[in-house]
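# Notes for the structure review
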Amino acid sequence: MSGNIQERIEQWEKMTREVPDDMSWYSLAEAYREADRLADAERAYGEAIACNANLSKAYQVRGQVLIQLGKNDEAAKVLTAGFTIAAQRGDGMPMRAMEELLKSINAPLPQVAQKGPVAPAVDPKDPNTIVDRRSGKPGTRFDRPPMRGPVGEFIAAHYSKETWQEWIRQGTKVINELRLDFSRADHQRVYDNYMMEWLGFTQADADAMGKK
């Protein structure tokens, strides 16, 4: 994958024009932030949230960028909304990060009940159906994990085959846009990170489920 940040920005700008979804906007925002184009990054994170209001990590990083831009009042609103969503969804790591950011600008924490990590949601009336964590809708349950290890187990326990197929289509675009070579471990990590961001979980989430 090219280390040229401007090339990566152009690649993701192209993807937001062709497929303006949460993943493409979030990826563009990350590239802008890496290039220190903070105002552009903040706008792109906002577009990602507009596509997927449950993308708690985007609230976290958007709030951080707004603080860097000296816009603490706007940051407080974004972080309060994101903290609430993360708490309701059981997204522990973004929630804790947003708590620290709110404290750093002396903003109050919203009073919201925190859920534990999201549990597998198999329909008791139909063991072949699962309530998908990303969409919140029923879908077809995996009969076996789509990949090895804790990440594959987590995906099988929380996501439907339909959502996985949607990621495969998105992931193909990531591979093509970033010219990923899976013979390289660093490129495989890039792909895995995009996959987990898009699905909405972390390696820590997967490892924690595996320890239960």
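For every chain, the first residue of its written sequence is number 1, and the numbers climb from 1 along that sequence. For this predicted model, a pLDDT threshold of at least 70 governs which residues receive local features, and a threshold of 80 or more governs which side-chain atom pairs are given and counted, while totals over whole chains, interfaces and linings are taken from all residues. Note that the side-chain values use all heavy atoms of the structure and ignore hydrogens as well as water.

## Here's the deal with helix 6 (residues 92–104)
- Segments assigned H or I by DSSP are reported as helices when at least four residues long, segments assigned E as strands when at least two residues long, and all are numbered from the N terminus. Between the first and last residue of a helix there are one fewer steps than residues, each counted as 1.5 Å, and that sum is the expected span. The end-to-end C-alpha distance of helix 6 is 19 Å, a good match for the 18 Å that 13 residues give at a rise of 1.5 Å each.
- What helix 6 keeps buried is the set Gly92, Pro94, Met95, Met98, Leu101 and Leu102.
- Any two residues whose heavy atoms approach within 4.5 Å are treated as being in contact. In this structure, the buried side of helix 6 is in contact with helix 4 (56–68) and helix 5 (72–89).
- Residue asparagine 106 follows helix 6 closely and has a positive phi angle near 55°. For each residue, the accessible area found with a 1.4 Å probe, counting protein chains only, is set against the maximum for its type, and the residue is called buried under 20%, exposed over 50%, and partly exposed in between.

## Describing the packing of aromatic side chains
- Classification of ring pairs rests on two measures: the distance between centres of Phe, Tyr or Trp rings, Trp counted by its six-membered ring, which must be within 6.5 Å, and the angle between planes, read as stacked under 30 degrees, edge-to-face over 60 and tilted in between. Overall, the coordinates contain eight aromatic pairs when judged by the stated rule.
- Ring centres of tyrosine 159 and phenylalanine 201 lie 6.0 Å apart, and the angle between their planes is 40°; on these two criteria the pair is classed as tilted. In this pair, tyrosine 159 sits in the loop between helix 7 (149–158) and helix 8 (161–178) while phenylalanine 201 sits in the loop between helix 9 (185–199) and helix 10 (203–211), placing the two residues 42 residues apart along the sequence. Of the two residues, tyrosine 159 and phenylalanine 201, both sit in the buried class.
- Geometrically, the ring pair formed by phenylalanine 182 and tyrosine 191 is edge-to-face, given 5.1 Å between the ring centres and 70° between the ring planes.
- For phenylalanine 182, a relative accessible area of 41% puts it in the partly exposed group.
- Linked through ring pairs, Trp167, Phe182, Tyr191 and Trp198 together constitute an aromatic cluster.
- By definition, being over a ring means that NZ of Lys or CZ of Arg is both within 6 Å of the ring centre and within 35 degrees of the ring normal. Positioned above the aromatic ring of tryptophan 198 is the side chain of arginine 134, whose terminal nitrogen or guanidinium carbon lies 3.8 Å from the ring centre.

## Considerations on the packing of helix 8 against helix 9
- Only C-alpha atoms enter the line fits that serve as axes; for helices the fit covers just the stretch in contact. Angles between N-to-C directions range over 0 to 180 degrees. The geometry of helix 8 relative to helix 9 is characterised by a closest axis approach of 10 Å and an angle of 140° between their N-to-C directions. Taken together, helix 8 and helix 9 sit at an angle that is classed as oblique. Crossing of helix 8 against helix 9: the hand is right-handed. When helix 8 is examined against helix 9, the residues Thr163, Trp164, Glu166, Trp167, Ile168, Gln170, Gly171, Val174, Ile175 and Leu178 are found in contact with a partner set consisting of Val190, Tyr191, Tyr194, Met195, Trp198 and Leu199.
- Under the grouping applied here, Gly and all other residues not named as nonpolar or charged are polar, the nonpolar ones being Ala, Val, Leu, Ile, Met, Phe, Trp, Tyr, Cys and Pro and the charged ones Asp, Glu, Lys and Arg. By residue class, the composition of the contact of helix 8 with helix 9 is twelve nonpolar, three polar and one charged. Any angle that falls under 35 degrees is termed roughly parallel, while one over 145 is termed roughly antiparallel, one within 65 to 115 roughly perpendicular, and all others oblique. In this scheme the handedness of a crossing depends on how the near helix is turned from the far one: anticlockwise by less than a right angle means left-handed, clockwise means right-handed.

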